[in-house]
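Coordinate analysis (summary)
Letter by letter, the chains look like this.
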Amino acid sequence: MHYVAVKVLKRLIIMSEGMQSESKIYVAGHRGLVGSAIMRRLKAGGYLNIITRTHAELDLIDQIAVTDFLAQENPDYVFLAAAKVGGILANNTYPADFIYQNLMIQSNIIHAAFLSKIKKLLFLGSSCIYPKFAPQPMNEDHLLTGILEPTNEPYAIAKIAGIKMCSSYNRQYGTNFISVMPTNLYGPGDNYDLQNSHVMPAMIRKMHEAKIRGDTKVCVWGSGSPRREFLYNEDMADACVFLMENRDANEIGEFVNIGVGEDLTIRELAEKVSRVVGYHGELVFDTSKPDGTPQKLLDVKRLNKLGWRSKTILDEGIKLAYQDFIKGQCV
Ligand SMILES: NC(=O)C1=CN([C@@H]2O[C@H](COP(=O)(O)OP(=O)(O)OC[C@H]3O[C@@H](n4cnc5c(N)ncnc54)[C@H](OP(=O)(O)O)[C@@H]3O)[C@@H](O)[C@H]2O)C=CC1
Ligand SMILES: C[C@H]1O[C@H](OP(=O)(O)OP(=O)(O)OC[C@H]2O[C@@H](n3cnc4c(=O)[nH]c(N)nc43)[C@H](O)[C@@H]2O)[C@@H](O)[C@@H](O)C1=O
């Protein structure tokens, strides 16, 4: 048999074993919004052998350190949830950091995972990989069919490179690297920095602080008309573990969207958050701030067919996220 075919066959035999409770699992970015939820989900699922490194212990931008770490630890499975992440303003202000750090982190881990012959890897991309004016809802076939949104183009290009790395290694070497494209995420452990965060945590904090101070107005960036979809981070983690347990790259296709399949305007989101927080002041729209993509709604048919759908409804998720924010204030 041809040498490459034998190599691919060997890989397929190893892959088909599936994740076991004693499997060695590396979660990169385990303290982040998604990584911390993946940790909770894995522990709840009975996984006993999870390895982690903080940023201070292992800088994922350092290729030699990453290669040595994976060669020494030799995990069976890798969740790649480490990345340079931020909201619209952070992406627009620090484009070099977003493209450089994301290209480096993902390239280092994906290539070292290949060298270490890991059984399966999950790479997290983002719904910003799709063209700015993609038809809605956006399905997986819309990748690379139009121009990207300028505020996050460097980050999106890094994420597209991540998808193409995973699919190229699968094609050439028979690896089992799966890519998922999450919609906008929120939940416990989010980043509440007012400049660099995403809209949901920023709104929670702004409205809470305005309520405490007795402010009559809260500033919402942009026109309020862009539409976004929001997935709770515990659901996101559940989807990641479900796919790692039950689906291989050949069943998924090049990648799969992970979302809810419903969106709302930023104005509607602000109204929902103000109800949960109990803030009754006026919403003022600052149109000097960017709107970004007019709409980002994922088509989740492929995900549903693979056997997963989201559970947490938005109103409930916002309440849980607000409770988390309050808890953080009390520490
Ligand atoms: N949040 C969202 O709305 C969305 C997120 N995603 C994707 O999901 C994934 C997880 O995102 P999220 O959990 O929100 O991000 P977070 O910023 O919450 O977490 C990212 C984690 O990566 C770690 N990290 C970053 N750089 C390095 C580095 N050089 N070396 C070691 N560790 C590093 C961070 O550690 P430290 O803080 O110590 O630097 C942090 O723990 C990312 O791939 C992101 O692109 C996709 C769509 C939406
Ligand atoms: C997940 C995704 O996140 C980023 O894209 P985005 O969806 O545009 O992200 P966002 O959450 O920051 O904003 C959503 C909308 O909300 C409006 N908005 C109102 N008021 C605030 C506000 O106070 N803060 C923020 N951040 N936005 C606000 C804001 O003007 C915009 O119209 C990508 O860069 C990229 O990182 C990525 O993949």
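Per an unreviewed UniProt entry, the recorded name for the protein is GDP-L-fucose synthase, and the organism is Sulfurirhabdus autotrophica. Looking at the Function (unreviewed entry) heading of the UniProt record, one finds this comment for the protein: "Catalyzes the two-step NADP-dependent conversion of GDP-4-dehydro-6-deoxy-D-mannose to GDP-fucose, involving an epimerase and a reductase reaction." What the UniProt record of the protein gives under Pathway (unreviewed entry) is the line "Nucleotide-sugar biosynthesis; GDP-L-fucose biosynthesis via de novo pathway; GDP-L-fucose from GDP-alpha-D-mannose: step 2/2."

Sheet strands pair via backbone hydrogen bonds, and the direction of the pair is either parallel or antiparallel. An order of 11-8-13 is seen for the three strands of this open sheet, with the pairing classed as mixed. What marks the edges here is a single partner per strand, and that holds for strand 11 (264-265) and strand 13 (295-296). Taken together, the two bridges between strand 8 (residues 227-228) and strand 13 define a ladder with parallel strand orientation. Looking at strand 13, one finds that Arg228 is bridged to Lys296.

Right, let's talk about the site of ligand 1 for a bit. As a structural note, the neighbourhood of ligand 1 is formed by 25 residues, with Leu33, Val34, His55, Tyr155 and Lys159 the closest of them. Separating an oxygen atom of ligand 1 from a side-chain N or O atom of His55 is a distance of 2.7 Å. In this structure, an oxygen atom belonging to ligand 1 sits 3.4 Å away from a main-chain N or O atom of Leu124. Notes on ligand 1: free accessible area 890 Å², of which the protein chains cover 83%. Within the residue set of the shell around ligand 1, elements represented by two or more residues are helix 2 (33-44), helix 6 (153-173) and strand 6 (184-186). Within the shell around ligand 1, the residues separate by chemical class into 14 nonpolar, eight polar and three charged.

With burial as the criterion, only one face of strand 12 (residues 282-286) is covered, namely that bearing Leu283 and Phe285; the residues Glu282, Val284 and Asp286 on the opposite face remain uncovered. Pairing analysis gives five bridges linking strand 7 (residues 217-221) to strand 12, with the strands arranged parallel. Directly across from Cys219, in strand 12, lies its bridge partner Val284.

Moving on, we get to the packing of helix 7 (residues 199-213) against helix 12 (residues 314-330). Their axes nearest at 10 Å, the elements helix 7 and helix 12 cross at an angle of 60°. Considering the angle they form, helix 7 stands oblique to helix 12. Crossing hand, helix 7 versus helix 12: right-handed. Mapping the contact onto sequence places Met200, Ile204, Arg205, His208 and Lys211 in helix 7 and Leu314, Ile318, Ala321, Tyr322, Phe325, Ile326 and Gln329 in helix 12. Of the residues in the contact of helix 7 with helix 12, the class split is eight nonpolar, two polar and two charged.

A word on the environment of Phe98. Locating Phe98 in the fold gives a position in helix 5 (residues 95-115). For the pair Phe98 and Ile157, spaced 59 residues apart in sequence, the C-alpha separation works out to 9.8 Å. In contact with Phe98, not counting residues within four places along its chain, are Lys84, Val85, Gly86, Ala90, Asn91, Tyr155 and Ala158.

Criteria and cut-off values
- Residues numbered from 1 in each chain as written.
- Chains lettered and ligands numbered in written order.
- Predicted model: local features only at pLDDT ≥ 70, side-chain atom pairs only at ≥ 80, totals over all residues.
- Heavy atoms only, no water.
- UniProt positions renumbered as here; feature names shortened; annotations may be inferred.
- Pairing = 2+ DSSP bridges.
- Helix = DSSP H or I, 4+ residues; strand = E, 2+ residues; numbered from the N terminus.
- Near = heavy atom within 4 Å.
- Polar contact = N/O pair within 3.5 Å; in protein donor to acceptor, adjacent residues only side chain to side chain.
- Areas by Shrake-Rupley, 256 points an atom, 1.4 Å probe, with all protein chains shown as cover.
- Nonpolar A, V, L, I, M, F, W, Y, C, P; charged D, E, K, R; others polar.
- Buried < 20%, exposed > 50% of the residue type's maximum accessible area, 1.4 Å probe, protein only.
- Axes fitted to C-alpha atoms, helices over the stretch in contact; angles between N-to-C directions.
- Parallel < 35°, antiparallel > 145°, perpendicular 65-115°, else oblique.
- Left-handed = near helix turned anticlockwise from the far one by under 90°.
- Contact = heavy atoms within 4.5 Å.

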